[in-house]
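Chains, contacts and geometry: an overview
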Amino acid sequence: MRAATHVAIAGISAFGAVAVIKFQYPSARVPDPVFAGIVAALAAGIPDYLEPATSPHHRQFCHSAVFATALVAVMKNLYEWIPETAGEAILRDILLSIGFGYLAHLGADATTPAGLPWVGSFS
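In short, a report on the structure. Given the structure is predicted, the values throughout are model-derived calculations rather than measurements.

The rules behind these values
Residues numbered from 1 in each chain as written. Predicted model: local features only at pLDDT ≥ 70, side-chain atom pairs only at ≥ 80, totals over all residues. Heavy atoms only, no water. Core = buried A, V, L, I, M, F, W, Y, C linked by side-chain atoms within 4.5 Å. Buried < 20%, exposed > 50% of the residue type's maximum accessible area, 1.4 Å probe, protein only. Helix = DSSP H or I, 4+ residues; strand = E, 2+ residues; numbered from the N terminus. Expected span 1.5 Å × (residues − 1). Arc of directions from axis to C-beta. Contact = heavy atoms within 4.5 Å. Phe/Tyr/Trp six-rings, centres within 6.5 Å; stacked < 30°, edge-to-face > 60°. Lys NZ or Arg CZ within 6 Å of the ring centre and 35° of its normal. Patch = residues over 30% accessible without salt bridge, like charges linked within 9 Å, V, L, I, M, F, W, Y side chains within 5 Å. Areas by Shrake-Rupley, 256 points an atom, 1.4 Å probe, with all protein chains shown as cover. Salt bridge = Lys/Arg side-chain N within 4 Å of Asp/Glu carboxyl O.

Now for the nonpolar core. Ala10, Val18, Ala40, Met75, Phe100 and Tyr102 are the most contacted members of the largest nonpolar core, which totals 18 residues. With five residues, the single largest contributor to this core is helix H5 (residues 86–110).

Written out as structure tokens, the structure is:
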């Protein structure tokens, strides 16, 4: 999948997901939808930076279902973190938004014929 496609999918899906969460749960501690969309779009390439698409089988651990599951757990902990300063609040919003972008990338890759490995290798 092309990088521009990943950017668009990540930005739109993060914006949409956060906007829906904010609409349904106004007190939810999620980033601003526009902020989340922009940061997620910028972060959409991280999986391919970690595992460059140099072969048809480049998707390994950082592109795996296990990694996605671990990332969701990290994001849950980030969501539950109550920042004590404005700087911590911005850091939390940035990290959550990066997580949305990374997950959007994996979700998009999962829809391709190659799909995602369950675990992949660590090399």
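It is worth spelling out helix H4 (residues 65–80) at this point. The terminal C-alpha atoms of H4, which comprises 16 residues, lie 23 Å apart, in line with the 22 Å expected from a rise of 1.5 Å per residue. Within H4, burial applies to Ala68, Leu71, Met75 and Leu78. All buried residues of H4 fall inside an arc of 75 degrees around its axis, so they share one side. More than 90 degrees from the buried face of H4, the exposed residues found are Thr69 and Asn77. Of the surrounding secondary structure, the elements contacted by the buried residues of H4 are H5.

Another aspect to go through is the packing of aromatic side chains. Counted by the stated rule, this structure contains two aromatic pairs. Arranged with centres 5.6 Å apart and planes meeting at 90 degrees, the rings of Phe61 and Phe67 form a pair that is edge-to-face. An aromatic cluster is defined as three or more aromatic residues linked by ring pairs; in this entry it consists of Phe61, Phe67 and Tyr102. Geometry around Tyr79 places Arg29 over its ring, the cationic atom sitting 4.9 Å from the centre.

On to a nonpolar patch on the surface, then. On the surface, Phe15, Val34, Ile38 and Leu42 cluster together to form a nonpolar patch covering roughly 420 Å² of accessible area. Sorting elements by how many residues they give to the nonpolar patch places helix H2 (residues 33–43) first, with three residues. Residue classification places Phe15 among the partly exposed residues on the basis of a relative accessible area of 40%.

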